[in-house]
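# Breakdown of the fold
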Amino acid sequence: MKIKKRWKVFFLINGKRRSLTIEPHWTLLEVLRDQLGLTGTKKGCDRAECGSCTVLLEREPVYSCQVLAVQARGQRITTIEGLTRNGKLHPVQQSFIDHDGVQCGFCTPGFVLTASAFLDRTRRPTPDQVKQALSGNICRCNAYVKIIESVLSASKRGKRIRD
Amino acid sequence: MHPFRYAEPESVAEACRFLKRQGTSAMPIAGGTDLLSEIKDGVAKPESVLNLKRLPSLAHIREQDGALRIGGMTTLSQLQVYPVLRRNFRIIEEALSTLATPQIRAVGTVAGNLCQRPRCLYYRHPLFLCAKKGGTTCFALDGDSRYHAILQNDLCPMVHPSDLAPAFIALEAQVLLAGPEEKRLLPLEEFFLLPGQNLSRETVLKPGEILVEVRVPKPKAGTRGTYLKFRERGAGDFALVSAACSGRVLRGTVAELRLVLGGVAPIPFRARQAEEMLMGQRPKKEFFAAAAQAVLAAATPLSGNRYKIEAARTLMVRAMQAVLK
Amino acid sequence: MREEVAEAALDLIQVEYEILPAFFDPMQAMKPDAFSIHPGGNIAGGKPIVLERGSVEEGFAQAERTFEGTYTTQVHCAAGMEPRVALAQWDGDFLTVWKSSRGIHMLDRPALARGLGIPAQQVRVICPAMGGGFGSKDETRMGTLTALLARKCGKPVRMEYTRQEEFVAGRTRHPSITHLKVGIGRNGEITAIHARTIMSKGAYMSSGSAVIRRCGQGALYLYQTPNAKFEGTLVYTNVPPAGSYRALGAPQGQFALEVHMDKIAEALGLNPLEFRRRHHVKPEGQPGRRLTPPGELVSDQPVEGGIPFSSNRLSECVRLGSRAMGWQRRWRPPNSSPGPKKRGLGMALGLYRGGLAQKAGAEVEARLDGSVEIRVGTIDVGEGAFTTLLQIGAEALEIEPARVTILGGDTATTPEAPVTSGSSTTFSMGTAVQQAAATLKERILDRVCAQLGADRENVKWNKGAIQMNRPTKKTVAWKQALALLSPEERRVRLAIQPGSTEFVINSFAAHFAEVEVDTETGKVAVVKYVAAHDSGRIVNPAAAQNQVEGGVMQMLGYALTEELLVDPKTGIPLNGNFLEHKVPVIVDLPPLKTIFVNAPDPAGPFGAKALGEPPSIPVAPAISNAIYNAIGIRFQDLPITPGKILDQLPLKGRG
C-alpha cells in the first residue's frame, strides 16, 4: 500500500479523459475549478450543505466540495459544462431559461445537474418527488416555485433526457 | 484544507494494521462528508487518511436466512433502493428517507453514518476548546443548549446525530468489527459509549478496528416498525428528536417492543422502561403516555432544551400508536 | 499561490489582544455608565432619531383605550449563495477592482479613491454577475484591502469570504426591540401611534441610520392617524456587525406593528381583516399639513401628512388577497380547531418606499448593424435588473428585445448610477433608460422626416421601421434610418432626477397565511400563503413573481427558523452555516399564490413602482398572527421555533 503526498490520476470529465497530478487534500471542487478551469461548478459553502458545487459522479449528484478528488479518480464526472452537446442546451437547461427557474444564477448549475440526474431515473415525477430530489440544493433567492416548474416541464418533454 | 497523505488499502486486514500502527495520526475515510468538515474546521488533523471506500468486500448487501447483512461501505443511496427494505425493514427505509440529502446519501456510507461525530455547535467550532476536544470546560452546559441532550447529559450533553442508529437498534442489529488480530460481533446498542465511559470518542472501536458489517435480523411475522423524525427544516437537517419503534401485538397484547430515541442523549437512547411497562399490556394510548412519562421522568433538561421533553413524549406516543395496533 | 498557503501564513500572525469589556445585549451597552466601544458612547449619533407627525401626547389624551406591547427580532443573515469576493490589480497608478458590490460608481469607486489617496479617475470598478446580494453586499472594505495588498506585493490579489465569514463578518439584519403604544378613540379611530425601537448594531456602522429610519415608517404611515411618532436608537455592541439587508429595518418595525394591530383588532371585537380595512392608509395619504415646500420633491418616506399617494391600491391588495385565501368563509376565532393539530389564518399589511428619488444616468446607442446597446452604471445584484432594464429600453424604442443588449457593472464604460437600494432600480434606472431610448427614437424620427420632407404626423414607427403615408407611401427600414444619423446622434446619454413634487410614491402589500400548528411538537407548517402586491405596473411578470415568491420564502425562514446564534458568554457566533442557521430548503415551500394588482402608477416608468424588498415585510407578522389564530398564543419574539411554542403551551407532562 502506498502512502503518497502526490497522486497521478485521471478522470473522465464530460466524456474526456483528463490526466493530472493532484494532492490528496484537494477536493474534487478545487480540482475542477482551479486545475481544470471548469468554473461552472460553484463554491457556496465548502461544507456539503448548499449544493452549488453539485456535479455528477458516475451519474449520481454529489457535493464536489466534500469529495476528495483522489477518491474519485478514474470515475466519470459530469459538470455543467458537459451538459451542453454541440452547442445545444440540455432540455433541463432550456427549461430553466423558459420558466425563469433562475434569479442570481449561482445555484443554478447545481440544480440543473441534480435535476438532470433525477429525470434520467424518473420519467414522470410528481411535484413532491421533484422537491425531494432537489432537497440538497439551496437557492437563497428562493426561486423554488419556478425551479419546480422548470423541472416538471422538462420531464414532460416526453423523451429521455440523456443518452 | 490542511494537507495530509492518502492511502488505499488492498484489504481490510491491511487497513486495520495500518490504522493500528499509525494510532490517532491516521484516520479512515469513507464518503468523507463528515471527516472533511472536521478537518476543514480544524477539529480533526490527521497526518494520513485511509480510504476504505474502494474495498469491494465492504460494499455488499446480502440476505441470509431473511437477515440483512450490510457492508460498512455500502452507500446510503444503495441501501435506500434495496428492494427488500420496503417489505421487511420499514424503519430503515423511513430513517434513510429523512437522512441528510440525496448528494450526501450518494457518497455517505452506513458505517460512516454510525461513526459520525457529534454536531454540537461548540464541539464543531474552532474557537471553543471544549472538554471533548481535550479542554477543561463544556461550553454547552451553560451556553446555548437548544440542540443538546436532555438525558445522560451531566458531563457532555452532545446528542448522537445518526438516524440509522436508532432504527438499527430498534431492529436489534449487530455490528461486525474487524481489528488487526480478530473480528468481533456485538449488538449495535453496545457499540456506543457515553461520555462518562469515554469523553473523546463515541464508540467502542479500538485502535485499528473498523466497522465492516451491520447485521439486521429479520423481524418476526406481524412486526411493525416506524421511524419518526422531528426537525426544523424539511430536509438536510439533523433530528431535534427522533423515535424508532419496532413492535408486535399478539392476541391483543404487546408481545414485543423496542423503542429507541435519537436527539435526546449522547447515545441512541433505548427507552427500556417504556418497553418493560408495555410488555404484555393491551396497546392503549393511556399506557403509551404513561410509559413515555416514565422514560422522561429521568430527564434533566438544560436551560435551552426543555421543549425536547414534550417533543420526545409526542414522538414516543405516536411511534407506539403507529406500531402497536 | 494556493489558498492553503495563504491560510497557513495567516496562522503564523500572532495577534496580541487587550481584553476590554464587551456587550452582546444593547440594553446593557446603552446604559449611561457602560464602557464605550467607540469614543462618544454606545448610542450611534449620540441620541435616538425622533420623528413625529402631530402630537402623540395629544393623541393619547384623546384616546379611550391604549394598547402597549414589546416585540423582538433576531440576528438574521442574508447568506447570498456566493460569498463576497474582491480582486484587485494595479497597472502603474491605475487600479482595477472586480468585486461584489451594491454601487460601483457611488460606493466603491469613491471609497477606493479616498482610501488609497488616488483620484477617482484612476480607479475602475467592475461588478460582474453576482450570486445574490439582497442589499447586504454593501461594504467597500474588501476592495480597499485587496488593493492595498496588491500594491504591497505587486501582484493581483483576490480575497474571498468563507461561508462562515460570510455569516459572521458579512452584514446581518439588525436585531431589534420595539415598544409600541397605540391609542384608540371613542369611535374606534386611531388617535396616536408611538413606536420606540432599539437596534443592536454590532461594533461598526454600515447603513445603520437608514435601517433604523426605515424601521419607523410602518408606525408613521401604514395606519391612518393624525399623531404618530417614532424614536429609533442604534446601539453599538460586540455582536457581528449588522447592515443593510432586504427592506432594511422595515420587516422589524412592521412585525411589531402588525402583530400589535392584530391584538387591538381582537380587543375591539373586530375581525383582523375588517380592522385593517377601516384603518389602513388610503390613497389620500395621512391627515395633516404638507411641510415640504411646493415644487420640491416629496420624500417617499415622509412623516408629514397632507400629501396624497401617486397610487395606493392597498385596498385592492386586501380584497384580492383575502378572497384568494377564502378569509371571509374560513376565518374562525382563535384556537377553534379540535385535535392536536390546529389550523389558523393570519394576515399582515406592508408599505414601502416605491421609487427612491435617486439621480440616475443611462446611455443608449444604436449601431449601424441594427443592434442597440444600453449602458447602465448600475449592477445586477441577482434580481434580474438587467433583464428588466433591457425590456424597458426595447419597449421605449418599440423594437424587438432580441436586438438589444445591456452592458452594466463597469465604471469605465457606463454613466454614473446610484446604489442598488430601496428597490429603486426599475424606478430610477428604468426611467433613465426609458427616457434615453425615447430620446433616441425621437431623434431617428426627426432625422428621417427631415430627410424625406415628411411631417411627423404622417409617419408611423413600426418596430424601428418608419412608414410614411404622405406625400408618398414609403418605408425606411431600421438600419437605413440609423444610417442617416451621425455616430454622436445615435448615442444618447442622459441623467434624470426621478420622483414627484406632488405625490408620495409607495408600494403596498397584503399577505395572508394559513398555518397548521402541531401542538404536541411545536412544529408549524405553512399550508397556504397568498401575497398580494401593489407595485404599479409589472414590467417583467416572471421576474416579479420570482421576487415575491423568493421574498416570502426567505422571510418564512426569518419567521420560523433562522437566527444567527451568539454564545451568551463569549459573544462568539455559533452557527455560521446554512445548516445550523436553518435556511429553508425546497421541501419547506408552501403552496404560494402571488397576486399583482398591476395598476400603473402615474410617476414610474411604464407605471412601475418598487418591488424587490416589499415582499419581505409582511411575512413574519402574518405567520405570527396565523399561529395566534391557530392556538390562541401570541408570539412577539422571532423566530417562532418549536421550542418557543412548546414552552408556551400548557404541557401534558407538567404538574
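Quick caveat: nothing in here was measured; it's all calculated off a predicted structure.

### Quick notes on the overall build of chain B
Of the regular secondary structure elements, chain B holds 11 helices and 12 strands. For a compact globule of 325 residues, the expected C-alpha radius of gyration is about 20 Å, and chain B comes in at 19 Å, within 12% of that figure. Considered along the principal axes of its C-alpha atoms, chain B spans approximately 60 × 50 × 35 Å. Put simply, chain B has 325 residues, and 63% of those count as buried. A separation threshold of at least 6 residues defines the contact pool for chain B, and within that pool the share at least 24 residues apart is 64%.

### Quick look at the domain arrangement of chain A
All names here are of chain A. Structurally, chain A comprises domain 1 (7-80) and domain 2 (91-155). Using only C-alpha atoms to locate each centre, domain 1 and domain 2 end up separated by 21 Å. In this assembly, 17 residues from domain 1 lie in contact with 14 residues from domain 2. Taken together, the two surfaces of domain 1 and domain 2 that pack against each other cover about 1,100 Å², and 63% of this comes from carbon and sulfur. The tally of links between domain 1 and domain 2 comes to three residue pairs in polar contact (both at pLDDT 80 or more). It is strand β4 (residues 54-57) that provides the largest number of residues to the side of domain 1 that touches domain 2, a total of three residues. For the side of domain 1 that touches domain 2, the residue count by class is six nonpolar, seven polar and four charged.

### Here's the deal with the environment of A360 of chain C
All names here are of chain C. By the element assignment, A360 lies in strand β14 (residues 360-366). The class for A360 is buried, based on a relative accessible area of 1%. Residues A360 and L579, 219 residues apart in the sequence, show an inter-C-alpha distance of 40 Å.

### Some points on a nonpolar patch on the surface
Nonpolar side chains collect at one region of the surface, where L10, I13, V15, Y17 and I19 of chain C lie side by side and expose about 620 Å² of accessible area between them. Along the chain, I13 of chain C turns up in the loop between α1 (3-11) and α2 (26-29).

### Quick notes on the side chain of S48 of chain B
With respect to the helices, strands and loops of the structure, S48 of chain B is situated in strand β3 (residues 48-51). Once residues within four sequence positions are removed from consideration, S48 of chain B is found in contact with I3 of chain A together with F4, R5, F18, Q22, S25, A26 and M27 of chain B.

### Points about empty space enclosed by the protein
Counted under the stated rule, the structure contains six cavities of 30 Å³ or more. Empty space within the largest cavity amounts to approximately 580 Å³. Elements with a minimum of two residues in the lining of the largest cavity: α13 (385-397), α14 (425-452) and α16 (541-560) of chain C. If you tally residues by element for the lining of the largest cavity, the top one is α16 of chain C, at three residues. A class-by-class count of the residues in the lining of the largest cavity yields 13 nonpolar, 17 polar and six charged. Per-domain counts for the lining of the largest cavity show at least three residues from each of domain 1 (88-159) and domain 2 (360-496) of chain C. Of the volumes computed, that of the second largest cavity is approximately 240 Å³. Together, 21 residues line the second largest cavity, and R119, Y147, V159, F238 and A239 of chain B are the ones closest to its centre. Looking at side-chain class alone, the lining of the second largest cavity contains nine nonpolar, six polar and six charged residues.

### Thoughts on the interface of chain B and chain C
Contact residues are listed per partner, giving 30 residues for chain B and 35 residues for chain C. Of the roughly 2,900 Å² buried between chain B and chain C, counting both surfaces, carbon and sulfur atoms make up 58%. For chain B, the biggest contributors to the area lost against chain C are E232, R233 and E310 of chain B; these three give 22% of the whole. Here E520 of chain C and R318 of chain B are joined by a salt bridge, their closest N and O atoms 2.9 Å apart. Between chain B and chain C we count 11 residue pairs in polar contact (both at pLDDT 80 or more) in total. The greatest single-element share of the side of chain B that touches chain C, amounting to seven residues, is contributed by helix α11 (residues 307-323) of chain B. In terms of residue class, the side of chain B that touches chain C is made up of 12 nonpolar, six polar and 12 charged.

### Quick look at the sheet that holds strand β15 (residues 372-376) of chain C
All names here are of chain C. Here we have four strands laid out as an open sheet, ordered β16-β15-β14-β20, and mixed in their pairing. Every other strand in the sheet has two partners, leaving β16 (404-408) and β20 (491-496) as the edge strands with one partner each. Strand-to-strand twist of the sheet, defined as the mean angle between neighbouring strand axes without regard to direction, takes the value 20 degrees. Pairing geometry for β15 and β16, over five bridges, is parallel. Bridge pairing in β16 places I374 opposite I406. The sheet strands contacting α13 are β14, β15 and β16, and the helix crosses β16 at an angle near 135 degrees.

### A short note on unusual backbone geometry
Cis peptide bonds are those with omega within 30 degrees of zero, and the linkage from L638 of chain C to P639 of chain C qualifies with -10 degrees. If you trace the backbone, P639 of chain C turns up in the loop between α17 (619-631) and α18 (642-648). Positive phi values are uncommon outside glycine, yet Q152 of chain B reaches one of about 50 degrees. With respect to the secondary-structure elements, Q152 of chain B resides in the loop between α7 (110-115) and α8 (164-170).

### Side note on the nonpolar core
In this structure, Y529, I623 and I627 of chain C are the most contacted members of the largest nonpolar core, which totals 198 residues. Examining the composition of this core, we find that 10 residues originate from one element, α11 of chain B, more than from any other. Counting residues in hydrophobic clusters, the runner-up holds 65 residues, among them L58, I70, A111 and A178 of chain B.

### Details of the side chain of H60 of chain B
Residues and elements named next belong to chain B. Of note, H60 is situated in the loop between β3 and β4 (61-64). For H60, a relative accessible area of 14% corresponds to the buried category. Beyond its immediate stretch of four places on either side in the chain, H60 contacts R69, I70, G71, T74 and E213.

### Side note on the interface of chain B and chain A
Often, the extent of an interface is quoted as the loss of accessible area upon association of its parts. Chain B puts 34 residues into the contact, and the matching count from chain A is 33 residues. Of all residues in chain B, the largest losses of buried area upon contact with chain A belong to Y6, K40 and Q103 of chain B, amounting jointly to 26% of the total for that side. A salt bridge links D41 of chain B to R47 of chain A, with the nearest nitrogen and oxygen atoms 2.7 Å apart. Put simply, chain B and chain A have 18 residue pairs in polar contact (both at pLDDT 80 or more) between them. The set of elements that each furnish at least two residues to the side of chain B that touches chain A consists of β1 (5-7), α1 (12-22), α2 (33-40), β3 and α6 (102-107) of chain B. Here the element with the most residues in the side of chain B that touches chain A is α6 of chain B; it accounts for five residues. Looking at the side of chain B that touches chain A residue by residue, the class counts come to 16 nonpolar, 10 polar and eight charged.

Parameters and conventions
- For every chain, the first residue of the written sequence is number 1, and numbering continues from 1 onward in sequence order.
- Both sets of labels track the order of writing: A upward for chains, 1 upward for ligands.
- Local features in a predicted model are, by the rule used here, given only for residues with pLDDT of at least 70; side-chain atom pairs are given and counted only at 80 or more, and totals for whole chains, interfaces and linings are based on all residues.
- In computing side-chain values, all of the structure's heavy atoms are included and hydrogens and water are not.
- Numbering of helices and strands runs from the N terminus; a helix is a DSSP stretch of H or I covering at least four residues, while a strand is a stretch of E covering at least two.
- Radius of gyration here is computed from C-alpha atoms only, and the compact-globule reference equals 2.2 Å multiplied by the residue count raised to the power 0.38.
- Only protein chains enter the accessibility calculation, which uses a 1.4 Å probe. A residue is then buried if its area is under 20% of the maximum for its type, exposed if over 50%, and partly exposed in between.
- We call two residues in contact whenever any of their non-hydrogen atoms come within 4.5 Å of each other.
- For each domain, the first and last residues come from an automatic or database assignment.
- Summed over both partners, buried area is the accessible surface (1.4 Å probe) that two parts give up on being assembled.
- As used in this structure description, the phrase polar contact means that two N or O atoms lie within 3.5 Å; if the pair is within protein, one of them must be able to donate a hydrogen and the other to accept it, and residues adjacent in sequence are counted only when both atoms belong to side chains.
- Any residue outside Ala, Val, Leu, Ile, Met, Phe, Trp, Tyr, Cys, Pro, Asp, Glu, Lys and Arg is labelled polar, Gly included; the first ten of those are nonpolar and the last four are charged.
- For patch building, the residue pool is restricted to those with more than 30% relative accessible area and no salt bridge; the joining distance is 9 Å between like charges and 5 Å between nonpolar side chains (Val, Leu, Ile, Met, Phe, Trp, Tyr).
- Using a 1.4 Å probe, accessible areas were evaluated by the Shrake-Rupley method; residue-level cover was limited to the displayed protein chains.
- Note on definitions: salt bridges are taken to be side-chain nitrogens of Lys or Arg within 4 Å of carboxyl oxygens of Asp or Glu.
- Residues are said to line a cavity or pocket when one of their atoms sits within 4 Å of a point; the points come from a 1 Å grid over protein atoms alone, cavities being sets where a 1.4 Å probe fits but cannot get out and pockets being open sets with protein on both sides within 12 Å along at least five of seven lines.
- Grid points are joined across faces, edges and corners, and a volume is the space filled by probe spheres set on the points.
- Only strands that DSSP links by at least two bridges are regarded as paired with each other.
- To obtain each axis, a line is fitted to C-alpha atoms, and for helices this fit is confined to the stretch in contact; angles are then taken between N-to-C directions over 0 to 180 degrees.
- Take the buried Ala, Val, Leu, Ile, Met, Phe, Trp, Tyr and Cys residues and link them wherever side-chain atoms come within 4.5 Å; each set so joined is a nonpolar core.

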